[in-house]
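# What the coordinates show
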Amino acid sequence: MEENKQPQAAQPQKVNANLPLQQAIDTLQAEDTPENRKKMLGIAAVSRYLVPVTLTPPPPRDEAGRPIAQPDTQMAIQLLTNKEGQKYFMGFTSPERLAQWPQRQKGDIVMLPFDQFAKLLGEEKCPAEGLVIDPFSKNVTIPKSLVLNLQQGKERLRNIRSITKNDRVVIEDPTKSPDDLINALTAVCKKSAEVNAAFLRMMYVNGKKNYLLVLDLKEGDEGRKQVLQQLQEAAKPHLGSLAMGVSLITTDLGKKGAKDAKPFYKKMFYKLPDLTLPVS
């Protein structure tokens with residue numbers, strides 16, 4: 001068993017099973033399709049995992065036997081070595097899956113996000129070749145290159161959400177209509193009473209290209225969160241290497257995105273609101 005030392009310790013947390021990821025893995029292993037694979041990877045990239053570690057020096061314990069991190073406590077992530085001698089990080093989706101690891105009795109367990117694995121794998125001296133989700137049961141391997149690509153996609157989306165006044169933003173129509181993406185988004189819009197109209201543009205933020213989805217939604221918060229999640233899920237299999245930012249037409253970015261654009265979806269008798277009105 002190998003270890004990857006880190007200068008900080010994490011406090012173990014009580015967790016339940018990551019059912020969405022477990023279900024996505026089960027669906028993929030039952031039917032390995034591009035759509036199922038992308039859905040599973042999308043969930044994996046935003047998940048947290050139970051991770052076996054070694055804490056040194058051994059910290060004191062509470063009444064339940066859980067370690068109490070000290071200022072000098074260091075955390076070493078335990079690595080899995082396969083038959084070819086390649087080393088991988090391990091991430092478990094539940095205590096039950098963790099219990100199937102033959103060496104579970106050794107060391108402590110902490111919760112780590114996917115972002116932490118990506119950060120470590122991006123370091124030049126990292127000995128790991130990737131991440132294995134639920135080894136000894138489901139054995140889903142995500143190689144280093146794919147972990148880093150997934151993280152880059154998340155970073156692009158974060159950048160879209162954090163646009164500032166100093167950023168150079170250019171919005172235009174796609175040079176080639178992304179028909180598969182538009183069809184997937186349209187299918188969600190048609191089923192939702194919340195969506196009055198939807199626009200899809202290309203947005204360049206400081207030269208970096210991504211999609212921008214502008215939505216004209218009914219007033220009120222009821223149903224908004226659900227339809228936004230559904231649109232993001234529907235888009236994932238069709239985004240390729242790009243991210244898709246989402247903005248409401250009532251925001252400054254949304255107004256800029258909808259200006260001089262035709263909606264790819266609109267309800268009957270839809271009328272574009274006045275985009276010159278200030279944001280409330």
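Treat the numbers as computed from the prediction; the structure is a model and nothing was measured.

By secondary structure assignment, the location of D134 is in the loop between β6 (128–133) and β7 (140–143). Residue D134 is classed as buried on the basis of its relative accessible area of 0%. Side-chain polar atoms of D134 contact the side chain of R97, separated by 2.8 Å. Discounting chain neighbours no more than four positions away, the residues touching D134 are G91, F92, T93, R97 and N139.

All right, on to the packing of aromatic side chains then. Taken as a whole and judged by the stated rule, the model has three aromatic pairs. Geometrically, the ring pair formed by F89 and F117 is tilted, given 5.5 Å between the ring centres and 45 degrees between the ring planes. Of this pair, F89 sits in strand β4 (residues 87–91) while F117 sits in helix α4 (residues 114–121), and the two are 28 residues apart along the sequence. Here F92 and W101 contribute two aromatic rings whose centre-to-centre distance is 6.3 Å and whose plane-to-plane angle is 35 degrees, an arrangement assigned as tilted. Of the two residues, F92 and W101, both sit in the buried class.

A few words on helix α1 (residues 19–30). A rise of 1.5 Å per residue sets the reference length of α1, with its twelve residues, at 16 Å; its end C-alpha atoms lie 16 Å apart and thus fit the reference within 8%. Of all the positions in α1, only L21, Q22, A24, I25 and L28 are classed as buried. Looking straight down α1, one finds that the buried residues subtend no more than 165 degrees of arc, so they occupy a single side. Exposed residues on α1 whose side chains face more than 90 degrees from its buried face are Q23 and A30. Elements in contact with the buried residues of α1: α2 (34–44), β2 (48–56), α3 (95–98), β6 and β7. Two or three places before L21, at the start of α1, stands the capping residue N18, its side-chain oxygen 3.2 Å from that residue's backbone nitrogen.

The next thing to look at is the pairing of strand β9 (residues 195–205). On any regular strand, side chains alternate: one points to one face of the sheet, the next to the other face. The buried fraction of β9 amounts to nine of the eleven residues, a majority that puts the element mostly inside the structure. Here strand β8 (residues 169–172) runs beside β9; their pairing, made up of four bridges, is antiparallel. Counterpart to V169 in the pairing with β9 is V205. In terms of strand pairing, β9 meets strand β10 (residues 208–217) through ten bridges, oriented antiparallel. Across the sheet, V205 pairs through a bridge with K208, a residue of β10. Between β9 and the antiparallel strand that follows it, β10, lie two residues; N206 among them carries a positive phi value of about 55 degrees. As paired strands, β9 and strand β12 (residues 265–266) are joined by two bridges and run antiparallel to one another. Residue pairing across strands places A197 opposite K266, the latter belonging to β12.

Below, the discussion takes up the confidence of the model for the protein. Across the protein, the average pLDDT comes to 86, with 88% of residues at or above 70. Overall, residues 7–14 carries pLDDT values under 50, and its contacts beyond four positions in sequence, including any with other chains, amount to 20 contacts.

Most of β10 sits out of view: eight of its ten residues are buried. Sheet topology places β10 next to strand β11 (residues 244–248); five bridges connect them, and they run parallel. Counted as the bridge partner of L212 is G245 from β11.

Here the focus is the packing of helix α6 (residues 179–191) against helix α7 (residues 224–235). It is at 9 Å that the axes of α6 and α7 come closest, and there the two elements cross at 155 degrees. Relative to α7, α6 is oriented roughly antiparallel. For the crossing formed where α6 meets α7, the hand is right-handed. Contacts from L181, A184, L185, V188 and C189 in α6 reach V227, Q230, L231, A234 and A235 in α7. For the contact of α6 with α7, a count of residues per class yields nine nonpolar, one polar and no charged.

Let us look at α4. Burial runs high along α4: six of the eight residues are buried. Those residues of α4 that fall on the buried side of the exposure criterion are F114, Q116, F117, A118, L120 and L121.

Conventions adopted
- Residues numbered from 1 in each chain as written.
- Predicted model: local features only at pLDDT ≥ 70, side-chain atom pairs only at ≥ 80, totals over all residues.
- Heavy atoms only, no water.
- Helix = DSSP H or I, 4+ residues; strand = E, 2+ residues; numbered from the N terminus.
- Buried < 20%, exposed > 50% of the residue type's maximum accessible area, 1.4 Å probe, protein only.
- Polar contact = N/O pair within 3.5 Å; in protein donor to acceptor, adjacent residues only side chain to side chain.
- Contact = heavy atoms within 4.5 Å.
- Phe/Tyr/Trp six-rings, centres within 6.5 Å; stacked < 30°, edge-to-face > 60°.
- Expected span 1.5 Å × (residues − 1).
- Arc of directions from axis to C-beta.
- Pairing = 2+ DSSP bridges.
- pLDDT = per-residue confidence, 0-100.
- Axes fitted to C-alpha atoms, helices over the stretch in contact; angles between N-to-C directions.
- Parallel < 35°, antiparallel > 145°, perpendicular 65-115°, else oblique.
- Left-handed = near helix turned anticlockwise from the far one by under 90°.
- Nonpolar A, V, L, I, M, F, W, Y, C, P; charged D, E, K, R; others polar.

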